[in-house]
Amino acid sequence: MSLRLPSEIVVERFLPTARAMLADELDERGLTQQEIADRLGVTQAAVSKTLGQNGVVEERFREDDRMQATMTRIAEGFAADTMDSYEALAELLELIREFEDRGPICAVHEEEMPALSGLGCDLCVRGTDTGVLAERDALTAVRTAVRRVTNTSAVAAHIPNVGTNIATAVPEATDETEVAAVPGRLHAVGDRVLVPARPEFGASQHVARTVIAAMAIEPSIRGALNLATSDALLTAARDRGIDPLRFEAGYENRAEHLRNRFHERGTVPQVIYHEGAFGIEPVTYLLGTTAVEAAALAADLAAAADAPNDSDAAP
């Protein structure tokens, strides 16, 4: 894993872009190269090399309206001698803070350090944030679970026609926007499971609502995925001491219905299922503390469901 500090992005990408933009702005206002160099704290040769050159410019910074407005203000202040270096520094630091608050510096930082991708990271402005860490853990759990599912060929045969989603909620989640899942769902093509996108929050409805309903009864149950309902899958679950819970397929007030069924059972079972209805495909949900646990159960049950039955063996 690469480790890059946001300050490196500022030094290597933001500062050269700001200097190049300021040099061009000041040149347009008639300042000599030496005057520009004095203002920017660089040599005249550096200014000569920078003017009109785009090689050191980060386009995401240069095209940002805030960057353009700030560079214009500083250039006008320098040209009119109404702004000193202290004031210019204050302008630049304020812009950097804005760019580090889920702005273009964050975008560049995510490219340089892919582990941050999709987190909505705001470490630069808030420091360590338990909410951000919880989101990161949820996204990581879904990614790990997706790998487990895609690496287990037996699961593909149990993907429903509507697709499978894999989800993990942050602690104390109350709605779908606090549940990480895969946009577009996973689909089976032959014996392969295709993943359309990286996980993000708010990407699931049915699996997320199932998780939220489970958390209302047992807060530690924060992960789930769905497979197609089949006798073989349910039998594999029972063979492992799991007593699947059946619920109605209708989706109206589904979360409330599930909470009531869990209350009746007195616990949240690892496997719950419905047998479908008009226009609704039969689906089974596997639950766990995170999506990783649910995916491990899915791999186990799918392999067992597909295993040859001794009673089917020839005499």
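Since the model is a prediction, treat every value here as computed from it, not as a measurement.

Colleague: Explain the overall build of the protein residue by residue, including any values.
Modeller: Regarding its fold elements, the protein presents 13 helices and 9 strands. Taken over C-alpha atoms, the radius of gyration comes to 28 Å for the protein, far larger than the 20 Å a tight globule of 315 residues would show. Projecting the C-alpha coordinates of the protein onto the three principal axes gives extents of approximately 95 × 40 × 35 Å. In the protein, which comprises 315 residues, the share counted as buried stands at 42%. Taking all contacts inside the protein whose residues are at least 6 apart in sequence as the whole, residues at least 24 apart take part in 66%. Counting every atom, the protein has about 15900 Å² of accessible surface; 49% of that belongs to carbon and sulfur. Seen as two clouds, the 29 positive and the 50 negative side-chain charges of the protein have centres 3 Å apart.

Colleague: So, the pairing of strand 8 (residues 271-274): which residues are in play, and what are the values?
Modeller: Of the two faces of strand 8, the one carrying Val271 and Tyr273 and the one carrying Ile272 and His274 are both buried. Relative to strand 8, strand 7 (residues 245-246) runs parallel, the two sharing 2 bridges. Its bridge partner lying in strand 8, Arg246 is registered against Tyr273.

Colleague: Give me the lowdown on helix 7 (residues 104-112), citing residues and values where you can.
Modeller: Listed in full, the buried residues belonging to helix 7 are Pro104, Ile105, Cys106, Val108 and His109. Against the buried residues of helix 7 lie helix 1 (6-28), helix 4 (59-62), helix 5 (65-80) and helix 6 (85-100).

Colleague: Summarise the nonpolar core; cite the residues concerned and give the values.
Modeller: Core analysis: the largest hydrophobic core is formed by 58 residues, its most contacted members being Ile166 and Leu225. Looking at which element gives the most residues to this core, the answer is helix 13 (residues 291-306), with 8 residues. Excluding its chain neighbours within four sequence positions, the residues that come into contact with Leu225 are Val149, Asn165, Ile166, Val207, Thr284, Tyr285, Leu286, Ala294, Ala295 and Ala298.

Colleague: Please give an account of unusual backbone geometry that cites residues and values.
Modeller: The phi dihedral of Glu172 falls on the positive side, at around 65°, and the residue is not glycine. The residue Glu172 is located in the loop between strand 1 (166-169) and strand 2 (179-181) in this model. Residue Glu172 is classed as exposed on the basis of its relative accessible area of 72%. Backbone geometry places Arg185, a non-glycine residue, at a positive phi of 65°. Residue placement: Arg185 occurs in the loop between strand 2 and strand 3 (187-189). On the accessibility criterion, Arg185 (30% relative accessible area) is partly exposed.

Calculation rules
Residues numbered from 1 in each chain as written. Predicted model: local features only at pLDDT ≥ 70, side-chain atom pairs only at ≥ 80, totals over all residues. Heavy atoms only, no water. Helix = DSSP H or I, 4+ residues; strand = E, 2+ residues; numbered from the N terminus. Rg over C-alpha atoms; globule rule 2.2 N^0.38 Å. Buried < 20%, exposed > 50% of the residue type's maximum accessible area, 1.4 Å probe, protein only. Contact = heavy atoms within 4.5 Å. Areas by Shrake-Rupley, 256 points an atom, 1.4 Å probe, with all protein chains shown as cover. Lys, Arg positive; Asp, Glu negative; His and termini not counted. Charge placed at Lys NZ, Arg CZ, Asp CG, Glu CD. Pairing = 2+ DSSP bridges. Core = buried A, V, L, I, M, F, W, Y, C linked by side-chain atoms within 4.5 Å.

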